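Structural overview
Each chain, written out:
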Amino acid sequence: MRFKLSLLAAIPLALCAAEKPFSAPTGYFTPECLASFPQAEFRQETEAALDAVLAEKPERLRLLSLLKAAGSPRFTAVAKRMEILDSLAAYIAERLKSGTAESLLFAWSAHEELEMLSGYFAEEAKLLQEMKHAPKIRSFSVREFGARGDGRTDDGPAIRRALEAAAAAKSPVRLLFPAGTYRIEPESRWPEHGSWPNRISGGVSSWNFDTLKKAHLRLLSPEHLTLEGEAGQTRLLFTDPALCGIRILGGYHTTLRNLTLDYETLPFTQGRITAADAERTRLEVEIDEGFSSPLEPNLLQAPSRRLTPLSPETRTYLPGTFPLGKVEPLGGRKFRVELGSFHAGTARTSLAPGNPVVITGRYDSRCANAISSISSKFDCFEGITVHSSPSWTWHLLSYAPILRNCRIEPKPGTSRLISTNGDGLMFTAISKIGPCLENCSFSSMEDDGINLAAASIAIGSVTRDGLRSLPERTMNNTSGVLILDGNTGQIKAARRIVRRNGRAEYATPLPEGIATRETLRQPALTEDQKREQKTMYQQKKVLRPDLVLPLGGCFSGSVIVGSTYHNIRGLGVQMTAPGVLVENSTFDTITGPGVSITALCSWGLYFSARNGAVRNCRFRNTGGSAIYVRCIPPYAEGKMEASSIQHILIEDNEMETSGKPAINLWNCADVRVVGNRIRRSAPPGPAVSLNRIADIRFEDNTFLLPGGSSPFAFIDPAEENKLKNINSKVISNE
């Protein structure tokens, strides 16, 4: 075997174009939008926000120094979010300098994110002072209130008495859980009404209380409360696999430390395929000894039931997960299983006799998580281990939470094939400042590792004067909005929010032709509209209403550092939010991409994933690309012309791939790919796939490729001249 070293000499000279300030048009804003916004006002507003943030930098550095001196567990989160803020400031300054209308709109649409991040450091400084002057922490043990920790007694009532005593203490409290297994049944009586302080936006919240009131342990409005066990020795065992384990509502600086969480009745069962019909839509499955029947009520009544195959050799996920249909007993531990409806093209080769399978009963993700925190601030989870969960493991609608040294894994010493039924962490849009995960390990989950899901809101209707849209919550707590076309992904209008007569309104009316839920349901259509509708449905498109993107309705500052993701049935990290840093982490055996930076239009997750960085990470055995960047259209056959994903850094990563390109760059602009080492094994193929791009820079990368492979594949060859600074090298075997 001979190896060939080259410096990409065969790449056209056009790819080595000199660097220019960002100015290439992306198509994200319609021409009508670019021609109709008040440029002078938007520039003044954005420059003022940028100047204020730059002036506050000495205070941020002072805060960082104080946290380091105190040995605070919040130091890493603050330091990394400072990097994210500096990068965002540079992004805005560059676009202001460019001078084009599009660049100005990009800068303006990010200025409120800049202010949110800047305000976060002031909140951290406030917390630091509070802790410095707080009364001495008081410690209680749950044993003092009658908890036994013997794994048989229902310790729920005793723990709730302890929580009531902690709430009455009016000072920081550490509630201790000595070594033992604390079996916890849900409360027998639920509160009829409830509200809690909204620590994110202020005021009082009672959002979705009928769902949120049900949990095994509910912490209502805790302040400076710590629940602490003994590392590896304290286990909380929840009994109802359809309900949340621990729910925090309106908490402030709540800490869970050194606790292991599990469910007494598992939300899944497992076995192996013993026979399959020719189409592999009807299977015979033998359930493993010690696991429940798939006809148990908690599995049979679950809203979502699925069957997922795994490898008999490695116990890792095989391609595909399938909705479960009818289940019939065949005697003993054997059952006949019919698969539910699924896409006709879904491969079923993994449903072979002899392969292990897991049957999951996934419950409502709003009410059935191992840990949930709603409208809370500064949650901290340290040394938490989770062995099972009916849905997402962590569901956080909270401000700047921290996860340190946390694990999701099947219970050691058992034959369990999986850990949890859903994502490891689901973090969603109203939270302002994202999570920080440090030295965490997530494995064997039935969905994504981390899902950072910033969402847009569909427009229900628009008032006749065009000054308001419903739902009105989209116009509160924000200085401006973008109106996005629900079918093309382009921005149709940008509007500042002003207050008139005590209510929020658009500074100028919305343009005509906004598609709303109301207008899309109107039966009276023109002939052209009827033809358009028929064409869209024939192409499996769905007519969608336009959406509102509140500038202050997203979150930023998510940090993932020093963490490991292994055997994930889904994506390692899903980023549809701006301001995310993924660093020094490992992604191994992921059925989808390792890191996905996307605008998932089909799910309504349209927020621009700008200002993201993936650096010093290791990727191997990913079913999709190691790093996948793309705007995904709202229907399968659609194409997104707009490039809403911008200012991305992919630096110093190691990637090993075979079937898919290691990096996928579609519908994105201003991306730097620097110092990466990419190894592609057989079969031959490209290392990087590119389409609909602008201002992409490749610098000092190394490609180790099989013979017949090329570093780059362009869906449209005319786009080759959009690459810049190609000075990478290729090592290939012939």
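First things first, this report covers the structure right here in the doc. (Residues numbered from 1 in each chain as written. Predicted model: local features only at pLDDT ≥ 70, side-chain atom pairs only at ≥ 80, totals over all residues. Heavy atoms only, no water.)

1. A word on the overall build of the protein
Applied cut-off: Helix numbers and strand numbers start at the N terminus; a helix is a DSSP run of H or I with at least 4 residues, a strand a run of E with at least 2. Classification of residues uses two cut-offs on accessible area relative to the type maximum, computed with a 1.4 Å probe and protein chains only: under 20% is buried, over 50% is exposed, and between them is partly exposed. Should any heavy atoms of two residues lie within 4.5 Å, those residues are considered in contact. Residue exposure ignores everything except the shown protein chains as possible cover, and the areas themselves are Shrake-Rupley values with a 1.4 Å probe.
Along the backbone of the protein there are 10 helices and 56 strands. Scored against the burial criterion, the 734 residues of the protein give a buried share of 58%. For the protein, the proportion of contacts with a sequence separation of at least 24, taken over those separated by at least 6, is 75%. As displayed, the protein has an accessible area near 29,100 Å², and 50% of this comes from carbon and sulfur atoms.

2. Points about the sheet that holds strand β36 (residues 503-506)
To summarise the sheet geometry, strands pair through backbone hydrogen bonds and adopt either a parallel or an antiparallel arrangement. As a reminder of what qualifies: Any two strands between which DSSP finds at least two bridges are classified as paired. Lines fitted to C-alpha atoms define the axes, with helix axes restricted to the stretch in contact, and inter-axis angles between N-to-C directions lie between 0 and 180 degrees.
A sheet is described by the order of its strands in space; here 5 strands give the open sequence β31-β37-β34-β35-β36, paired in antiparallel fashion. Strands at the two margins of the open sheet, each flanked by one partner only, are β31 (457-458) and β36. Note that strand β34 (residues 480-484) and strand β37 (residues 547-550) share 4 bridges and pair antiparallel. Each residue of the ladder has a partner; that of Leu482, found in β37, is Leu549. On the sheet, helix α5 (residues 101-133) packs against β34 and β35 (491-500) and is oriented at approximately 125° with respect to β34.

3. Observations concerning the nonpolar core
As a rule of thumb, soluble globular proteins bury nonpolar side chains together. Stated formally: Buried residues of nine kinds, namely Ala, Val, Leu, Ile, Met, Phe, Trp, Tyr and Cys, make up a nonpolar core once their side-chain atoms join them within 4.5 Å.
In this structure, Trp394 and Leu665 are the most contacted members of the largest nonpolar core, which totals 91 residues. Beyond its immediate sequence surroundings of up to four residues, Leu665 is in contact with Val629, Ile650, Val671, Val673, Ser689, Leu690, Asn691, Ile693, Ile696 and Phe698.

4. Things to note about the pairing of β36
With 4 bridges connecting them, β35 and β36 associate as antiparallel partners. Considered in β36, the bridge of Ile497 is made with Tyr506. In textbook terms, the turn of a hairpin is the stretch between consecutive antiparallel strands, and for β35 and β36 this stretch comprises 2 residues, one of which, Asn501, has a positive phi near 55°.

5. Overview of the sheet that holds strand β18 (residues 334-339)
Ordered in space as β14-β15-β18-β17-β16-β19, the 6 strands form a closed barrel in which the pairing is antiparallel. Going from strand to strand, the sheet's axes swing by 45° on average, the running direction of each strand aside. Bridging between strand β16 (residues 304-309) and strand β19 (residues 356-362) involves 6 bridges; their strand directions are antiparallel. Looking at the pairing, Thr308 lines up with Val358 of β19.

6. A closer look at the environment of Val498
Within the secondary structure, Val498 sits in strand β35. With 20 residues separating them in the primary sequence, Val498 and Thr478 have C-alpha atoms 9.6 Å apart. If sequence neighbours within four positions are ignored, Val498 has contacts with Arg503, Ala504, Glu505, Tyr506 and Ala507.

7. Considerations on the pairing of strand β5 (residues 180-184)
Of all the 5 residues making up β5, 5 are buried; the element is thus mostly covered by neighbouring parts of the structure. Residues Gly180, Tyr182 and Ile184 point to one face of β5 and Thr181 and Arg183 to the other, with burial holding for every one of them. Bridging between strand β3 (residues 150-154) and β5 involves 2 bridges; their strand directions are parallel. From the neighbouring strand, Asp150 faces β5, where its bridge partner is Thr181.

8. What about the environment of Ile650?
Residue placement: Ile650 occurs in strand β48 (residues 645-651). Relative accessible area serves as the criterion here: at 0%, Ile650 is assigned to the buried category. A C-alpha to C-alpha distance of 6.1 Å links Ile650 and Arg672, two positions 22 residues apart in sequence. Residues in contact with Ile650, not counting those within four places in the same chain, are Val614, Ile627, Met655, Ile663, Leu665, Val671, Arg672, Val673, Val674 and Asn676.

9. Side note on the side chain of Arg610
As a reminder, the rule being used: The definition of a polar contact used here is a pair of N or O atoms within 3.5 Å, where within protein one atom must be able to donate a hydrogen and the other to accept one, and adjacent residues in sequence count solely through side-chain atom pairs.
Relative to the elements of secondary structure, Arg610 occurs in the loop between β44 (595-600) and β45 (612-615). Overall, the relative accessible area of 4% leaves Arg610 in the buried class. Here Glu113 takes part through its side chain, which lies 2.8 Å from a polar atom of the side chain of Arg610.

10. Some thoughts on the pattern of salt bridges
Convention followed: Here, a salt bridge means any Lys or Arg side-chain nitrogen found within 4 Å of an Asp or Glu carboxyl oxygen.
For the structure on display, the rule yields 40 salt bridges. Connected via shared salt-bridge partners are Arg174, Glu228, Arg257, Glu382, Arg404 and Glu438.

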